[in-house]
Amino acid sequence: MSVNNNEILYIYDAKLTNPNGDPDEENRPRMDYEREINLVSDLRIKRYIRDYLLLKGHDIFVRLIDDKPVTADKRVKDLKDSSNEWILENWTDVRMFGATMTVKGDNKTFIGPIQFNWGYSLNKVELLEASITSHFSSSEKAAQGTIGKDFRVKYSLIAFSGVISGNRAEKTLLKEEDLDLLDEALKYAIPNLATRSKIGQYPRLYIRAEYSDKETILGDFRDYIELKTITVKQQDITS
């Protein structure tokens, strides 16, 4: 059964955590300072999904080996004579997100059917900054541990929009089972793969609208939602 067009709305919240650090800004959470909103790249959400695929026993192309990034040459050095079909059948993340494999004498490019926009917070976000001291000193002569900075958001409700192209799904051999796995990853990946800087994030809403053809696209689902402040009276709490 072929995959038709789909559109995605995915919302999760982040409390006292760093959803997506910017290495050019001392790893501060990415921000649109003009609008005071928190930003999260599409690569970050794909990283969660890829890590979940690994956790579930799937082999993927974009990964670390022995905690170190590897080049495309190294990942496909033994696959020089392998067909595109072999690559797509064996690497789930290529079926989902595509990949560019630049190998001597042969360049392989797969355009992924599953794509996300950058996520952004639906609320204005306050940044928190704290000094942290490591138990390990910078040298044997140093009497104290090293001092650094820790940056987090106070609270951020982050929304992502995504599209699944039915036409591209045909070219990467994307399966209905892959979409089930995507659903599973977006439900469980973020809380289950939490690190020190990522703990405190939980999915709140996930919608994947599946259309009956390979042409329909309604647009960014985030345009149809808004946050509202509700005032709760004391008697409503106690009653």
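Residues numbered from 1 in each chain as written. Predicted model: local features only at pLDDT ≥ 70, side-chain atom pairs only at ≥ 80, totals over all residues. Heavy atoms only, no water.

Some thoughts on the side chain of glutamate 176
At step 1: Position of glutamate 176 relative to the elements: it lies in helix α6 (residues 176-192).
At step 2: Despite its burial, glutamate 176 pairs with no opposite charge, the nearest such side chain being arginine 208 at 5.4 Å.
At step 3: Excluding its chain neighbours within four sequence positions, the residues that come into contact with glutamate 176 are Met1, Ser2, Val3 and Glu210. (Helix = DSSP H or I, 4+ residues; strand = E, 2+ residues; numbered from the N terminus. Buried < 20%, exposed > 50% of the residue type's maximum accessible area, 1.4 Å probe, protein only. Lys, Arg positive; Asp, Glu negative; His and termini not counted. Salt bridge = Lys/Arg side-chain N within 4 Å of Asp/Glu carboxyl O. Contact = heavy atoms within 4.5 Å.)

Considering the packing of helix α1 (residues 42-55) against α6
At step 1: Contact geometry for α1 and α6: axes closest at 9 Å, N-to-C directions at 100°. With respect to α6, the axis of α1 lies roughly perpendicular. Residues Ile45, Tyr48, Ile49, Tyr52 and Leu53 of α1 lie in contact with α6, whose contacting residues are Leu181, Leu182, Glu184, Ala185, Leu186, Tyr188, Ala189 and Ile190.
At step 2: Partitioning the contact of α1 with α6 into residue classes produces 12 nonpolar, no polar and 1 charged. (Axes fitted to C-alpha atoms, helices over the stretch in contact; angles between N-to-C directions. Parallel < 35°, antiparallel > 145°, perpendicular 65-115°, else oblique. Nonpolar A, V, L, I, M, F, W, Y, C, P; charged D, E, K, R; others polar.)

A short note on the pairing of strand β5 (residues 37-40)
At step 1: Of the two faces of β5, the one lined by Ile37 and Leu39 and the one lined by Asn38 and Val40 are each fully buried.
At step 2: Pairing geometry for strand β4 (residues 31-32) and β5, over 2 bridges, is antiparallel. Bridging from a neighbouring strand, methionine 31 pairs with asparagine 38 of β5.
At step 3: Note that β5 and strand β11 (residues 119-121) share 2 bridges and pair antiparallel. Opposite leucine 39, over in β11, you have tyrosine 120 as the bridge partner. (Pairing = 2+ DSSP bridges.)

Comments concerning the packing of aromatic side chains
At step 1: Tallied over the full model, the rule gives 6 aromatic pairs.
At step 2: Ring centres 6.0 Å apart and planes at 85° place the aromatic pair tyrosine 10 and tyrosine 206 in the edge-to-face group. With tyrosine 10 in strand β1 (residues 6-17) and tyrosine 206 in strand β14 (residues 201-210), this residue pair connects regions lying 196 residues apart in the sequence.
At step 3: Here tryptophan 86 and tryptophan 91 contribute two aromatic rings whose centre-to-centre distance is 6.1 Å and whose plane-to-plane angle is 80°, an arrangement assigned as edge-to-face.
At step 4: Taking the relative accessible area as the measure of exposure, tryptophan 86 reaches 36% and is therefore partly exposed.
At step 5: Ring-pair connections join several aromatic residues into one group, and the members of that group are Tyr10, Tyr12, Phe116, Phe160 and Tyr206. (Phe/Tyr/Trp six-rings, centres within 6.5 Å; stacked < 30°, edge-to-face > 60°.)

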